[in-house]
Amino acid sequence: MPSISTEPAHGLLARTATRLRLTPATFAADLGIEVSALARGDGLDRFASAVGVDAATLSRSTASRGSRPGQLTLMGETLGRGDLSVSPRRRCPRCLAEDRSAARATGLSERYAAWHRTWWDASMVLSCPTHRSLLTNTCQSCGKQVDWRSPSIDICRCGAPLWLDHGGELPRCDGDAYLLARLEGGSREAVPLLDGLTLGRAAAAMGRLGECGLGFATSRPDVAGADLVRLTADGFQTARTFETAFPRILDDVVTGAGGDAVGLMASYGWTYRSWLAPPGGDHSGGILRDALLRHAAGRGIIATDELQASENAVTLGEASEILGMGHDRTRRIAARAGLVPAGSRRGVNFAIDRDAARELARRLASLVDARTAAALLGIGRSQFRSLVAAGLVAPDEEAGRLGSGALYDVERLVAWVASLAVGVPAVSRTPTSCLPLPTACRNFSLSLVDVCQAISSGVLTPVGLRGEKGRLTSVVVSCREMKALRDPDPLTVGGVARRLVIHPEAASALVRAGLVGPVGAVTPQGLLDFTRANATPRDLAGEFGTSPRSVVARLRGAGLAPTLFPPAFRQLFYDRTIARGVLLADLPGAGRS
């Protein structure tokens, strides 16, 4: 069954269920999904495959989960908690009646004509702008709420038709038309006050502006249904001409308060006390509150030097939205960051510098907890704790000062990993006999701390694995070097041979020449210095993912002679640093073999 451009997945499910003579809830259960979950994008691919439609096309008119908990994205708009509701099921009765009329006109069956509109689920839309009909969720026959257990989109469980509308026609609500145009991408006029807000906040701002237009009151008016639609329409007109219309409304409010009113709350009633003063109450992000304070200063209600509102100031509630956390935690962190004015009291509004709040949010966003940091490094939490205990990784000092617990800077973690691979070969693919650092530690039963310290001291030489854009993606180490680190050989000719993976006679020649310690002896430092300075073709072949014979041929072609060679030494050795430089230049695709 083909989908309709503005029909959500759960709407198509209901239409398909009608064809199968099932209720939407029963059909969803047969598919192993829930209607409410499908409305949020969960199980959409499974449903699309089951009914034979393109999932990508269906997803354009179906909500999906956003980046934050409780956040949804629908047709390019961000919805918050409570902005999308599918139970009970809302509808425009006249839209359903129009569906049946269109089916009759084309000779199609009326039984399968009705379809569910996406915007019926958007709780901030109150009415149908086309038919000027209030969206309703109850059956006018039985009085019960309509759900997804009815036999059809336009038939109630009691059998009564849902396309009959006994209510009168409402005045056109341009506010609902504005919300619908934003949701469906239709043409509309620009309304600067509302365009930058989410649909839920824009609708709330329009409703409050309409209620404010009723005049002075100590408590917010209790309106709903058709009355709220009319006030939303009035609020939209105020928002369109906000710069001139809102001050006129405030003039009427102050006049209604009486000449003996003193202070903001007494002069503006619920408009200030219940709406624009509380943290997070101003749905416009501070624009309306600032306008009210400017109006109060102009009317002499507050002194000009008391006017805290400015283009670069936000309330605690707005700062909590910038930081993405609750008011109490925002206040604690802001106080420790020095953003709360001295002497401020809880419950009393104050201004916070907007740029400082954004910088604080950016800084906190760059920090992660120990669990996330361990996951970023690809290691377990116990391994990460050992790195912290050894001082290789340190918590962020600023996060501790702000009282956010032990947090770690992601950029510093990345820089620390990169420091392990400074001056080592960089390849595009893991060389043979090499493993990622965390995996190698587990396989060879070595602590990550000991291995990282071995890398820092030069005992172990890692290889940097880089992605397409040359960014370091992983640090890998040689299994042979890890084994030698785990099982150090005694300082004998045999131990030198096993450590360097060379013939015992070649190791004997090194000992006799005094290249791994005093003449005729081996010392740990002498062996370490020799290993740092020299490399066999086999060593270089392992680092660059090629063969020893290829290494010798490429170095010979570049005019680089070995530093040690037969007959005095049975094994070829090259200057490690110079040979690496030659091979890096000669093997731009190193590591691909």
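Structure: above.
Analysis parameters
Residues numbered from 1 in each chain as written. Predicted model: local features only at pLDDT ≥ 70, side-chain atom pairs only at ≥ 80, totals over all residues. Heavy atoms only, no water. Helix = DSSP H or I, 4+ residues; strand = E, 2+ residues; numbered from the N terminus. Rg over C-alpha atoms; globule rule 2.2 N^0.38 Å. Contact = heavy atoms within 4.5 Å. Areas by Shrake-Rupley, 256 points an atom, 1.4 Å probe, with all protein chains shown as cover. Salt bridge = Lys/Arg side-chain N within 4 Å of Asp/Glu carboxyl O. Buried < 20%, exposed > 50% of the residue type's maximum accessible area, 1.4 Å probe, protein only. Phe/Tyr/Trp six-rings, centres within 6.5 Å; stacked < 30°, edge-to-face > 60°. Axes fitted to C-alpha atoms, helices over the stretch in contact; angles between N-to-C directions. Parallel < 35°, antiparallel > 145°, perpendicular 65-115°, else oblique. Nonpolar A, V, L, I, M, F, W, Y, C, P; charged D, E, K, R; others polar. Pairing = 2+ DSSP bridges. Polar contact = N/O pair within 3.5 Å; in protein donor to acceptor, adjacent residues only side chain to side chain. Arc of directions from axis to C-beta.

Engineer: Explain the overall build of the protein to me, and be specific about the residues and the numbers.
Structural biologist: For the protein, the helix and strand inventory stands at 30 helices and 15 strands. On C-alpha atoms alone, the protein measures out to a radius of gyration of 36 Å, which is more than a quarter above the 25 Å that the 2.2 N^0.38 rule sets for 593 residues. Each principal axis of the C-alpha atoms in the protein carries an extent, and together these give about 105 × 70 × 40 Å. Partitioning the intrachain contacts of the protein with sequence separation of at least 6 by distance along the chain shows that 62% fall at a separation of at least 24. As displayed, the protein offers around 28,300 Å² of accessible surface, 51% of which is attributable to carbon and sulfur atoms.

Engineer: Report on the pattern of salt bridges, specifying residues and quantitative values.
Structural biologist: Evaluated as defined, the whole model comprises 23 salt bridges. The partner of Arg 570 in a salt bridge is Glu 505, with the nearest N and O atoms 3.0 Å apart. One end of the pair, Arg 570, is in the loop between α29 (548-557) and β15 (574-575); the other, Glu 505, is in helix α26 (residues 504-512), with 65 residues separating them in the sequence. The exposure class assigned to Arg 570 is partly exposed, which follows from its relative accessible area of 48%. Arg 576 is paired through a salt bridge with Glu 543; the nearest N and O atoms lie 3.4 Å apart. You can see Arg 576 sitting in helix α30 (residues 576-586) and its partner Glu 543 sitting in helix α28 (residues 537-544), a full 33 residues away along the chain. Of the two residues, Arg 576 and Glu 543, neither departs from the other in class, the shared state being buried. Overlapping salt bridges bring together Arg 480, Asp 539, Glu 543, Arg 576 and Arg 580 as one network.

Engineer: Tell me about the packing of aromatic side chains, and name the residues and values.
Structural biologist: Taken as a whole and judged by the stated rule, the model has 6 aromatic pairs. The interplanar angle of 25° and the centroid separation of 5.9 Å between the aromatic rings of Phe 242 and Phe 246 together place this pair among those described as stacked. Linking Phe 242 with Phe 246, this pair stays in helix α11 (residues 242-257), spanning 4 residues, or about one helical turn. Taken individually, Phe 242 and Phe 246 each receive the classification buried, so the pair is uniform in this respect.

Engineer: Account for the packing of helix α19 (residues 381-389) against helix α23 (residues 448-457), with residues named and values stated.
Structural biologist: Where α19 contacts α23, the axes come no closer than 9 Å and their chain directions differ by 50°. Viewed along their axes, α19 and α23 adopt a mutual orientation that is oblique. On α23, the residues that touch Gln 383, Ser 386 and Leu 387 of α19 are Leu 448, Val 449 and Cys 452. Counted by class, the contact of α19 with α23 contains 4 nonpolar, 2 polar and no charged residues.

Engineer: Got a sec to walk through the sheet that holds strand β2 (residues 72-74)? Specific residues and values, please.
Structural biologist: Judged by pairing direction, the sheet is antiparallel, and its 3 strands sit side by side in the order β1-β2-β3 without closing on themselves. Of all the strands in the sheet, the pair left with one neighbour each is β1 (64-65) and β3 (77-79).

Engineer: Requested: an account of the sheet that holds strand β10 (residues 426-427), with residues and values cited.
Structural biologist: Across the sheet, which stays open at both edges, the 4 strands sit in the order β10-β12-β13-β11 with mixed pairing between neighbours. Two strands in the sheet have a free side with no partner beyond their single neighbour: β10 and β11 (434-436). Relative to strand β13 (residues 472-478), β11 runs antiparallel, the two being bridged by 3 bridges. Its bridge partner lying in β13, Pro 436 is registered against Val 476.

Engineer: Account for unusual backbone geometry, with residues named and values stated.
Structural biologist: Of note, the amide linkage connecting Ser 87 to Pro 88 takes the cis form, showing an omega dihedral of 0°. Along the chain, Pro 88 turns up in the loop between β3 and α6 (93-106). Residue Pro 567 is reached from Pro 566 by a cis peptide bond, and omega for that bond is 5°. Mapped onto the fold, Pro 567 is located in the loop between α29 and β15. The phi torsion at Arg 21 lies on the positive side, around 60°, for a residue other than glycine. Note on Arg 21: relative accessible area 62%, which makes it exposed.

Engineer: Please give an account of the side chain of His 116 that cites residues and values.
Structural biologist: Looking at where His 116 falls in the secondary structure, it is placed in the loop between α6 and β4 (127-128). Among the polar contacts made by the side chain of His 116, one reaches the side chain of Asp 121 at a distance of 3.0 Å. Aside from chain neighbours lying at most four places away, what touches His 116 is Thr 6, Glu 7, Pro 8, His 10, Gly 11, Arg 89, Arg 90, Asp 121, Trp 148 and Ile 153.

Engineer: So what's going on with helix α4 (residues 44-51)? Residues and values would help.
Structural biologist: Note on helix geometry: an α-helix contains 3.6 residues per turn, so any two residues three or four positions apart are oriented the same way. Within α4 the residues assigned to the buried category are Leu 44, Phe 47, Ala 48 and Val 51. Axial view of α4: buried residues confined to an arc of 100°, hence all on one face. Set apart from the buried face of α4 by more than 90 degrees, the exposed residues are Asp 45 and Ser 49. In this structure, the buried residues of α4 make contact with α1 (9-19), α2 (24-31), α3 (35-38) and α5 (55-59).

Engineer: Could you give an account of the environment of Val 552, with specific residues and numbers?
Structural biologist: Counting through the fold element by element, Val 552 comes out in helix α29. With 27 residues separating them in the primary sequence, Val 552 and Ala 579 have C-alpha atoms 10.0 Å apart. Setting aside residues no more than four positions away along its own chain, Val 552 makes contact with Pro 537, Leu 572 and Tyr 574.

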